[in-house]
Structures are given as C-alpha cells and as structure tokens.
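# Structural overview
Okay, here's what each chain looks like letter by letter:
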Amino acid sequence: MGHPPLEFSDCYSDNPDFRERLKCYENELEKTNKFLKDAIKDGNSVINTIKGKYSLAVQKFSQTLQSFQFDFIGDTLTDDEMNIAESFREFAGLLQDVEEGRMMLVQNACDLLIKPLEKFRKEQIGVTKERRKKFEKESEKYYSQLDKHMNLSSKKKETQLQEADEQLDKERQTFYESSIEYVYQIQQVQDRKKFDVVEPVLAFLQSILTLNNLTVEMTQDFLPYKQELQLSLQNTRNHFESTREEMEELMKRKKGSAQICIRHSQQATMEGYLYVQEKWALGVTWVKYYCKYFKDSKLFIMVPMEQKTGTKQTTSQLTLKSCVRRKTDSTDKRFCFDIETNESPVLLQAISEVNRKQWMEAMDGKEPVGLTLSLFTPSRVRLTQEGVYRTVGSNIQVQKLLNAFFDPKCPADVDFNSTDMDIKTITSALKFYLRSLSEPLMTYSLHGELILAAKSENLDYRLGAVHSLVYKLPERNREMLELLIKHLVSVCSHSIENLMTVSNMGVIFGPTLMRAEEETVAAMLDIKFQNIVMEILIEDYSKIFKGPPEETTPPPIPPPRVTPRRRQPITISKRPPRLFPGLQPPVFERK
C-alpha cells in the first residue's frame, strides 16, 4: 500500500493529518533501517561462510589428494593405470580451481553488498534521522515560543510587542525550513532505496549465480575427463580380475605343491620328486628320485632317494633330447611322461597332473598325437550371443568335444552346426585347447619382447614392435594366430549385441595365448600387458597380418611418442586459465 505524498505547503499548516502522514513515513524508514541491518548481517554471514570452514575444508581435502602417490607393483604402468595414478592430482587441481574461482568472486562481495548498504544507512537514513531530530527540536522550540507569545499582555510596550513578534517570526521561519528539509529528505529516502538498496543486492546475487555458473562450467569440463577415467577404471578392473584369477590359481598350486617343485631362476629350471620306472629281471619297480632339469644345457640330473640294501647307487646325469606325454591307456600308472636322452629312454611319473604339466612345459614336452591347429576353426562360432567367450561351458561337454575332435580316427566328424552343440561348449573347448598347448601359441621365446613392446608409451613403436614380433613366430603358429585374430575381430564387431569389446577379448585371450614360461607373481602382474598385446592384434589386424613390416626388427630404443595415448584424459589442471573479470554493480541511467 502506497503512502500519500507530503506536500511542502503542509509544512506551513503543520496540521494533524500532515503529522499522521509524516508518521507513516517515519515508520517505513524504521522498517527499511531494520531490513538493511538484517541484510548486512546475513550478507556477511553468507560471505564468511563461503570464505570460511567450507572453503578451508575443500582446500584441505584438495591438499590431501595432491599429496597421495599411487605406488604400483611391477616396472611399468598401462595407459589406463597412468590415468588412474594421475586422477587424484587432477581431482585436487579441479577442486583448487573451483576454490580459486570462488575466492575471486567473493573477495569483492563486501564492496558489492555490505559497503553500499552501510553507505545508504549512513548517508541517507542517518541524514534523515538527523533532519528529524532538527525538525523535532525546532518544532518544540517554535511551539514553545508560540505559547509564550500568546501569553504576552497587551499592556506591554509597543516596542516589546514588536520585538516579540519578530522573534516569533524568526522561530517560525526556522521551523518551516527544518520541516521542509525533513519532508524533502524522508521522501528522498523512500525513492532512493528503490535503486540504492536493490542495486547492491542485484550485484551480490549476480556474484552468487556466477559462482554457481562457474561450478556448472567446470562440471562440463570435468565430464569428458570423467568418462575417460571411468573407461580406464573399467579396463583396469578387467585386468585386475583377470590377474587375480590367475594369481589365485598360482597361489593354490603353490600351496599344494610347495614341496613338489621349486624353480630357481639362477639354478635349475625345474626340480622336484619324480618316480622312475626301472626294469629288473623279476619285474618292474618305480623308484623315487629327486630330479633337476637345466633347460639351457638340457641337463637332467636324478638323485636316488631310496637306497637299496647292498646296492651302491650314484647320481645320474642325462642329456635330454625330447619329452612326450605318455597316454593314459598305455600304462597302469597315472601322470606319466617319457623322456628320450642321449644315454637311454626313461619313463617318469609325476606326483600329479599339474606337476606333470610343469615338467613337460620345462622340457618343451609334446602331446602323443600331433594336433592340427587349423582344424579347430573359431570362425564357426556364432558371433552375436551375449557374453560369447566369457561364459563357460560344462566341463563334461567340453572334454567330450575335445576327445571327439582330436580322436585320430575321425577328427573331421564333429558337426559344429548341430543344434546339440552348445555355443559355450565350443568356445570353452577352444580356450581349453589353446591353454593346454605345451607352449603357448605366441611362444615362450617371444614372450619377453612382446611384454616390453606393450609397456612402451609410444604407440607407433608399440604397434611396430608387435608387428615385427608376429613375423618371428613359427609359420604354423602365425597362421593359427591370424585365423584366430580374424575371428575375434568379427566377434568384436558385434560388441553392441554380444557386449564383448576389444578390451574384454584381451582379458580373455591374453593369458591364453601369451602365458609366461614360469608362473610367478611378477608374471601374473604382466598379464595386463599380455592383454594389451591382444588389443593391438585385434585393433590393428589388417595392418599386422597383411604382411611383414618393411623393417622386421623394431628400433632398440623407442622414439618419442608421436600420437597421444588413446585414453589420455583431458588434463583439467593444465587447461587454459579461466578469466573472471571483477563484478561491478549495474549502472542505471540517471536523468
């Protein structure tokens, strides 16, 4: 509800209605003054809160993130792990940027809001109150003088009466002037507060909204980094799960065979207990020996552990020529394998299937039946089923398929298109077959070079090295590898349906095609780089398998990175600094 205007002419009449209207203005002035006090108090509270505990807590958290260093196991990080290792520093930089922007925007908030409001209270409301005091003082003085004047006796001398009249006129004029000045000032305050109060609040609100807008803009900057980091986290999680499963298996084997085989990198390649078949005139016996095999020299040493009475036995040293697994149906003993030496053939019995496999791997053992890799054509597998190659088939069905497929009498009779043939059985059988090879498809001899290539930060070198190493594989291995990778390219091309990405395929086939010769924790930690080799083979299939590179030997020292890492995140802390011009109150045109 509006107030009726105060007319200057009313100052002369000074009637009760004028005084009542003036009182309304004075009440409104008190309300305005109280509002300004509250606005200044609450505005200071907002500013202090922004600058205070919250900001300090954010900065402390930022410092904590900045100070933390990710240690890692092994000698090299993958691209994804590098992104993760840098993530806390990126987070700290982002938080610091937000707080710096916040401080820049609120550092002049006092000038924008508090000082203008205090100035209005002092220069407008304060002046109005002084004018009111003067008006009330002059009013009291005038009416007091008027009362005295009205009580003057007419019997006074004429000169005295004239002097009294002049004094009253002077007091009346002073009163009128103070009344007019007061009326002018109190109405001016009511009009000026419309912009002198609103302008600072508007400027302060603009600073608050700009601060929120800054947060929104930085959030937009953060989103691409967040997406890249989430991809790195998922890939690293996949590598971790793959490595964890392999390491758990290694741990279980080591728990169960800690006394069975001990590998010494600087000594024997393989050592442990074996039973040796010895033929005597009265029959066949199995004698326990502690055996050592040195792969470099192919030296096989047997130390007898059961001394026979009256018989002097000495340590035997043999030179290995070949090693072949003994078929189960050819002997009544389990876990047997034959070795051919320069001195004589020997039939050995390991203490478990795992132990036999370890000895055969150390001795580059072969299967009793030659396997034709090209017979198992993975391209026959249906491509679009969700989780293809990730889901596992029944062990019984897988073994049944393998037995049928590798039966030397009818290996070609397996019908992969039969409705009875489950897709999981086929894929599991292929993986089992590849894992069961006495030497991985990509060979032990090239394992170290492939891992070193994957560890390089230079993508051009990485691809060139893998390309060259592929053509160092034996011809049959390379042919089978090309057939398999071509098939995996087809599978990954349907990743929208089957949810099997290149990274997923790397996790599955990296340890399958590139297992280390010696199962150690260090080898387990290199599994993620085996996966990267597989990703390179799949992503760059056309280039790698179209023919050998022009230079078959990769450069000994990788050159500087030519192209950036594919998953390198947007480095928020190194982006161009954001400029925040000082905020000024809006300027209204005054006429």
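Residues numbered from 1 in each chain as written. Predicted model: local features only at pLDDT ≥ 70, side-chain atom pairs only at ≥ 80, totals over all residues. Heavy atoms only, no water.

By the naming in an unreviewed UniProt entry, the chain is Oligophrenin 1, taken from Sinocyclocheilus rhinocerous.

## Examining the overall build of the chain
Secondary structure summary: the chain contains 18 helices and 6 strands in total. Of all 591 residues assigned to the chain, the portion counted as buried reaches 41%. For the chain, the share of sequence-separated contacts (at least 6 apart) that also reach a separation of at least 24 residues comes to 72%. Counting every atom, the chain has about 33,400 Å² of accessible surface; 54% of that belongs to carbon and sulfur. (Helix = DSSP H or I, 4+ residues; strand = E, 2+ residues; numbered from the N terminus. Buried < 20%, exposed > 50% of the residue type's maximum accessible area, 1.4 Å probe, protein only. Contact = heavy atoms within 4.5 Å. Areas by Shrake-Rupley, 256 points an atom, 1.4 Å probe, with all protein chains shown as cover.)

## Regarding the UniProt feature "coiled-coil region" (unreviewed entry) in the chain
The UniProt entry lists residues 226-253 under the feature "coiled-coil region" (unreviewed entry), expressed in the numbering used here. Counted over residues 226-253, helix gives 100% and strand 0%. Its end C-alpha atoms are 40 Å apart. (UniProt positions renumbered as here; feature names shortened; annotations may be inferred.)

## Thoughts on the pairing of strand 1 (residues 270-280)
Both strand 1 and strand 2 (residues 283-294) contribute to a ladder of 11 bridges, which runs antiparallel. Bridge pairing links glycine 272 to cysteine 291 in strand 2. Between the antiparallel neighbours strand 1 and strand 2 lie 2 residues. Of the pairings in the sheet, the one linking strand 1 to strand 6 (residues 345-349) comprises 2 bridges and is antiparallel in character. Directly across from valine 276, in strand 6, lies its bridge partner leucine 348. (Pairing = 2+ DSSP bridges.)

## Quick word on the pairing of strand 6
Counting buried positions over the 5 residues of strand 6 gives 4, a clear majority of the element. As paired strands, strand 5 (residues 336-341) and strand 6 are joined by 5 bridges and run antiparallel to one another. By the bridge assignment, cysteine 336 is partnered in strand 6 with glutamine 349.

## Let's talk about the packing of helix 13 (residues 475-492) against helix 15 (residues 502-513)
It is at 10 Å that the axes of helix 13 and helix 15 come closest, and there the two elements cross at 155°. Compared by their axis directions, helix 13 and helix 15 come out roughly antiparallel. Between helix 13 and helix 15 lies a crossing whose hand is right-handed. Seen from helix 13, the contacting residues are Leu481, Leu484, Leu488, Val491 and Cys492; seen from helix 15, they are Val502, Met505, Phe509 and Leu513. In the contact of helix 13 with helix 15, the residues fall into 9 nonpolar, no polar and no charged. (Axes fitted to C-alpha atoms, helices over the stretch in contact; angles between N-to-C directions. Parallel < 35°, antiparallel > 145°, perpendicular 65-115°, else oblique. Left-handed = near helix turned anticlockwise from the far one by under 90°. Nonpolar A, V, L, I, M, F, W, Y, C, P; charged D, E, K, R; others polar.)

## What to know about the side chain of glutamate 26
Considering the arrangement of structural elements, one finds glutamate 26 in helix 2 (residues 16-51). Accessibility expressed as a relative area gives 9% for glutamate 26, which makes it buried. Within the local environment of glutamate 26, its side chain forms a polar contact with the side chain of arginine 132, the two groups lying 3.5 Å apart. (Polar contact = N/O pair within 3.5 Å; in protein donor to acceptor, adjacent residues only side chain to side chain.)

## Considering the sheet that holds strand 3 (residues 299-304)
Sheet architecture is closed into a barrel: 6 strands sit in the order 1-2-3-4-5-6, paired in antiparallel fashion. Taken over all neighbouring pairs, the strand axes of this sheet differ in orientation by 50° on average, direction set aside.

## A word on the packing of aromatic side chains
Counting across every chain of the model gives 17 aromatic pairs. Each residue in the set Tyr12, Phe135, Tyr142, Tyr143, Phe175, Tyr176 and Tyr182 is aromatic and connected to the rest through ring pairs, giving one cluster. Seen from the ring of tyrosine 273, lysine 288 lies directly overhead, with NZ or CZ sitting 5.2 Å from the centre. In this structure, lysine 455 is placed above the aromatic ring of phenylalanine 529, and the distance from its NZ or CZ to the ring centre is 5.3 Å. (Phe/Tyr/Trp six-rings, centres within 6.5 Å; stacked < 30°, edge-to-face > 60°. Lys NZ or Arg CZ within 6 Å of the ring centre and 35° of its normal.)

## Describing the nonpolar core
The biggest cluster of nonpolar side chains holds 51 residues, and the ones touching the most others in it are Leu481, Phe509 and Leu537. Contributing elements (two or more residues each) for this core: helix 9 (395-405), helix 10 (423-436), helix 11 (447-455), helix 12 (459-470), helix 13, helix 15, helix 17 (527-539) and helix 18 (541-545). When sequence neighbours within four positions are dropped, the list of residues in contact with leucine 537 reads Met442, Val466, Val470, Leu481, Ile485, Ile544 and Phe545. (Core = buried A, V, L, I, M, F, W, Y, C linked by side-chain atoms within 4.5 Å.)

## Comments concerning the confidence of the model for the chain
Model confidence for the chain is summarised by a mean pLDDT of 81, while 84% of its residues fall at 70 or above. Counted against residues more than four places away or in other chains, residues 369-381, with its pLDDT under 50, gives 32 contacts. Low pLDDT (under 50) marks residues 586-591, which in the prediction has 7 contacts with non-local residues, meaning those over four places away or in another chain. (pLDDT = per-residue confidence, 0-100.)

## What about the side chain of glutamine 190?
Structurally, the position occupied by glutamine 190 is in helix 6 (residues 158-196). The exposure class of glutamine 190 is buried, given its relative accessible area of 12%. Here glutamine 190 is in contact with Tyr25, Glu28 and Leu29, once residues within four sequence places are set aside.

## Considering the pattern of salt bridges
Using the criterion set out here, one finds 25 salt bridges in the structure. For the salt bridge of lysine 455 with aspartate 526, the shortest nitrogen-to-oxygen distance reads 3.3 Å. Linking lysine 455 in helix 11 with aspartate 526 in the loop between helix 16 (521-525) and helix 17, this pair joins segments that are 71 residues apart in sequence. When its relative accessible area of 11% is taken as the criterion, lysine 455 is described as buried. For aspartate 526, a relative accessible area of 18% puts it in the buried group. (Salt bridge = Lys/Arg side-chain N within 4 Å of Asp/Glu carboxyl O.)

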